[in-house]
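So the chains spell out like this:
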Amino acid sequence: MNRLPVRKAVIPAAGLGTRFLPATKALPKEMLPIVDIPTVQYIVEEAVNSGIEEILIITNSNKHCMENHFDRSYELEKRLNESGKTELEKMIRDISDMVNIYYVRQKQPKGLGHAVLCAKSFIGNEPFAIMLGDDVVINDDGEPALKQLIDAYNEKGASVVGVQTVAHDQVNKYGIIKPLGEIKQGDRRVKLSGMVEKPDIDSAPSDMAVLGRYVLTPEIFDLLETQQQGKGGEIQLTDAIVRLMDLQAVYAYDFEGVRYDVGDKFGFIKATIDFSLNREDLSDKVKEYIKELASQL
Ligand code: UTP
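Throughout what follows, the structure given in this document is the object of discussion.

Rules behind the numbers
- Residues numbered from 1 in each chain as written.
- Predicted model: local features only at pLDDT ≥ 70, side-chain atom pairs only at ≥ 80, totals over all residues.
- Heavy atoms only, no water.
- Core = buried A, V, L, I, M, F, W, Y, C linked by side-chain atoms within 4.5 Å.
- Buried < 20%, exposed > 50% of the residue type's maximum accessible area, 1.4 Å probe, protein only.
- Helix = DSSP H or I, 4+ residues; strand = E, 2+ residues; numbered from the N terminus.
- Contact = heavy atoms within 4.5 Å.
- Near = heavy atom within 4 Å.
- Polar contact = N/O pair within 3.5 Å; in protein donor to acceptor, adjacent residues only side chain to side chain.
- Areas by Shrake-Rupley, 256 points an atom, 1.4 Å probe, with all protein chains shown as cover.
- Phe/Tyr/Trp six-rings, centres within 6.5 Å; stacked < 30°, edge-to-face > 60°.

A look at the nonpolar core
As a rule of thumb, nonpolar side chains are buried together in soluble globular proteins.
Here is step 1: Of all hydrophobic cores here, the largest spans 47 residues; its most connected members are Ile 34, Val 44, Ile 52, Ile 55 and Ile 57.
Here is step 2: At the level of elements, strand E1 (8-12), helix H1 (39-49), strand E4 (54-59), strand E6 (128-131), strand E7 (135-138), helix H7 (145-156), strand E11 (208-216) and helix H10 (265-277) are the ones that each hand at least two residues to this core.
Here is step 3: Looking at which element gives the most residues to this core, the answer is H7, with six residues.
Here is step 4: Other than its neighbours up to four places away in sequence, Ile 34 contacts Thr 39, Tyr 42, Val 136, Val 262, Phe 268, Ala 271, Thr 272 and Phe 275.

What follows is the structure in structure tokens.
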């Protein structure tokens, strides 16, 4: 069993973002800000806070501004410095100093599995994390979601997918896990016997959905290379993980934290409201505004 540490993360960001058109016609959805921070920055911060040392973002030709966001901006830093805005200058520089980020393009949007395969030579023969920008997870009182999965990986030396329970009528939007046997009360980890991408509501094997965090062993790449198209004509990561289960154990980990589906318009609005209520500079004003609105409903 592979026991190397999890040092690298892949952030697939080459999807078309059709649920956010027209905003995503020219702007990557990963750059849409929750208040004033682009969603991809929350993901990168979670990776860094989980001990990740190197990140590969899978991009496409429409995503230049993400590279600029994580690069130095000497002109802007100089101007902020000259006008005495040194706190802002530091904040801007800190973004580019966080971690080493690399980029590779997925030439066609053939699905999440195909996007992950683009990371094969970057990852090599190490276990690695996958983080999807659609799922922003906040766990103020505990470990970041990815750190919880890495700890679970370190205990078992086996792949782990991050899950949470979703409403039964929502299971057809997610990859849904099939646990092997009963889930023990109080146990956050369960071995899997299967996983289904976007199952019909009536035939879903559970209500536990894979929510944008994975730690996988590198054997996944050989499987992705031969993976046939699945649901929606795309090369599905879920299908390759199911095949991985024939070779080695795969676990699900029910991670702690509040998760926002920011790839969905309503999820994005909820995140914006909650995050602004948690901001010292905005909270009072936003609360007043919500009360005013509520009194008119
Ligand atoms: P989604 O299907 O949720 O993202 O893929 P999308 O295609 O960007 O969004 P919609 O549904 O059209 O609004 C899940 C993740 O996989 C990435 C996406 O960027 C997203 O982070 N992805 C998907 C790729 O990198 N390449 C693909 O070919 C497909």
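From this point on, the discussion continues.
Things to note about the site of the ligand
Here is step 1: If you check the shell around the ligand, you find 17 residues, and the closest are Ala 14, Thr 18, Arg 19, Gln 106 and Gly 111.
Here is step 2: In the environment of the ligand, an oxygen atom lies 3.3 Å from a nitrogen or oxygen atom belonging to the backbone of Leu 16.
Here is step 3: Here an oxygen atom of the ligand sits 3.3 Å away from a polar atom, N or O, in the main chain of Lys 110.
Here is step 4: Against a free-state accessible area of 560 Å², the protein chains account for coverage of 84% of the ligand.

Observations concerning the packing of aromatic side chains
Here is step 1: Taken as a whole, this structure holds five aromatic pairs when the rule is applied.
Here is step 2: When the ring of Tyr 102 is compared with that of Phe 122, the centres are 5.5 Å apart and the planes differ by 50°; the resulting orientation is tilted. Residue Tyr 102 is found in strand E5 (residues 100-105), and its partner Phe 122 is found in helix H6 (residues 120-123); the two are separated by 20 residues along the sequence.
Here is step 3: Tyr 102 sits in the partly exposed class, given a relative accessible area of 35%.

In short, shape yes, function no, at least from these values alone.
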